[in-house]
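# Fold and contact review
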Amino acid sequence: EMDHHNPRLTEDLVLVLEQSQAIQEHYHIPDLTWFPLNVLAELATNIVDPSHREGKPVTLVVFPTSDWNTAFHRNSDFWADILNTGQRFELFQAATEDDMVAAVTVTATAHGPIQTFILGGHGTRRDLQLSKQRFFPTEKNWVDIGDPFKGLKDSFTHSAQMVLFSCSTNKTGGPEGQHNL
């Protein structure tokens, strides 16, 4: 239910509606209803004011395009924590490993090295799923961390924090799953 007496909420809603197509295109977010209004408002602000939070450390969140159980998109505490850091915040959705690499490259090129990188996806004991191809893993829809990160060293600060937001990834441990982490 919308609070019609909250001017900030109204401003955020108008901004997101005005920038909805730009948000979808720039951040590769097909369905804006997956994310809270305050997250979308931050992304819209980034679009209309590219210098927004300029000089601040950069946080990049990459979430999957497929979230069949809404494990990622509706977590209000997670989003509040991210937005309250005061850092430059970028969010991309990825369906493939190449999409994830592109999000890192685009963000680092535009805003400088990434301080905090959060990669989310539905996990299995051997991989991290980004798309609807959950049960049919191929090199294109799961992330093998060893390959894509080799060329991205300069995209991250020396003290970057990297967070894997996933359940079950490498759950059984051992050498079988370790090469994917």
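Below is a summary of the structure that appears in this document. Note that the structure is a prediction, hence the values are computed from the model and not measured.

### Re the overall build of the chain
Each helix and strand counted, the chain has six helices and six strands in total. Reading the chain from its N end, one meets helices and strands in the order α-α-β-α-β-α-β-β-β-α-β-α. Relative to its 181 residues, the chain shows a buried fraction of 44%. Partitioning the contacts of the chain with sequence separation of at least 6, the portion at a separation of at least 24 is 72%. Carbon and sulfur atoms make up 54% of the accessible area of the chain, which amounts to about 9,800 Å² in all.

### Concerning the pairing of strand β3 (residues 114-120)
Looking along a regular strand, one sees side chains alternate from face to face of the sheet. Of all the seven residues making up β3, seven are buried; the element is thus mostly covered by neighbouring parts of the structure. In the sheet, strand β1 (residues 58-64) pairs with β3 via five bridges, with the strands oriented parallel. Following the sheet pairing, Val58 is matched in β3 by Ile114. Summarising the sheet, β3 and strand β6 (residues 156-165) pair through six bridges and their orientation is parallel. In the strand pairing of β6, Thr116 is matched with Gln161.

### As for the sheet that holds β1
Spatial strand order, β2-β1-β3-β6: four strands in an open sheet with parallel pairing. Two strands bound the open sheet, and with one partner strand each, they are β2 (88-94) and β6. For this sheet, the mean angle separating the axes of adjacent strands, direction not counted, is 15°.

### Here's the deal with the environment of Val61
Following the sequence through the fold, Val61 ends up in strand β1. When the C-alpha positions of Val61 and Phe117 are compared, they lie 6.0 Å apart, and in sequence the two are 56 residues distant. Those residues in contact with Val61, other than ones at most four positions away along the chain, are Phe78, Trp79, Ile82, Phe89, Glu90, Leu91, Phe92 and Ile118.

### Quick notes on the packing of helix α1 (residues 7-27) against helix α2 (residues 37-48)
Packing of α1 against α2 brings their axes to within 7 Å, and their N-to-C directions diverge by 70°. Here α1 is positioned roughly perpendicular relative to α2, judged by the angle of their axes. Helix-helix and strand crossings are classified by hand; for α1 and α2 the assignment is left-handed. Contacts between α1 and α2 involve Leu9, Asp12, Leu13, Leu15, Val16, Gln19, Ala22, Ile23, His26 and Tyr27 from the first element and Leu37, Leu40, Ala41, Leu43, Ala44, Thr45, Asn46, Ile47 and Val48 from the second. Its residues placed into classes, the contact of α1 with α2 shows 14 nonpolar, four polar and one charged.

### Structural notes on unusual backbone geometry
For His28, which is not glycine, the phi dihedral falls at a positive 60°. Note that His28 resides in the loop between α1 and α2. With a phi angle near 60°, Arg53 is a residue other than glycine that sits in the positive phi range. Within the fold, Arg53 resides in the loop between α2 and β1.

### Some words on the environment of Ile29
Within the secondary structure layout, Ile29 lies in the loop between α1 and α2. A relative accessible area of 1% places Ile29 in the buried class. In sequence terms Ile29 and Thr65 are 36 residues apart; their C-alpha atoms lie 7.7 Å from each other. Excluding residues that lie within four positions of it along the chain, Ile29 makes contacts with Ile23, Gln24, Phe35, Leu43, Leu91 and Gln93.

### So, the side chain of Thr116
With respect to the element layout, Thr116 can be found in strand β3. Not counting chain neighbours up to four residues away, the residues in contact with Thr116 comprise Val58, Thr59, Leu60, Gln87 and Gln161.

### Some details on the nonpolar core
Core analysis: the largest hydrophobic core is formed by 38 residues, its most contacted members being Ile23, Val61, Trp79, Phe89, Leu91 and Phe117. If you list the elements that add at least two residues to this core, you get α1, α2, β1, α3 (76-83), β2, α4 (97-111) and β3. In this structure Ile23 touches Val16, His28, Ile29, Leu32, Leu40, Leu43, Ala44 and Ile47, once residues within four positions along its chain are discounted.

About the cut-offs
Residues numbered from 1 in each chain as written. Predicted model: local features only at pLDDT ≥ 70, side-chain atom pairs only at ≥ 80, totals over all residues. Heavy atoms only, no water. Helix = DSSP H or I, 4+ residues; strand = E, 2+ residues; numbered from the N terminus. Buried < 20%, exposed > 50% of the residue type's maximum accessible area, 1.4 Å probe, protein only. Contact = heavy atoms within 4.5 Å. Areas by Shrake-Rupley, 256 points an atom, 1.4 Å probe, with all protein chains shown as cover. Pairing = 2+ DSSP bridges. Axes fitted to C-alpha atoms, helices over the stretch in contact; angles between N-to-C directions. Parallel < 35°, antiparallel > 145°, perpendicular 65-115°, else oblique. Left-handed = near helix turned anticlockwise from the far one by under 90°. Nonpolar A, V, L, I, M, F, W, Y, C, P; charged D, E, K, R; others polar. Core = buried A, V, L, I, M, F, W, Y, C linked by side-chain atoms within 4.5 Å.

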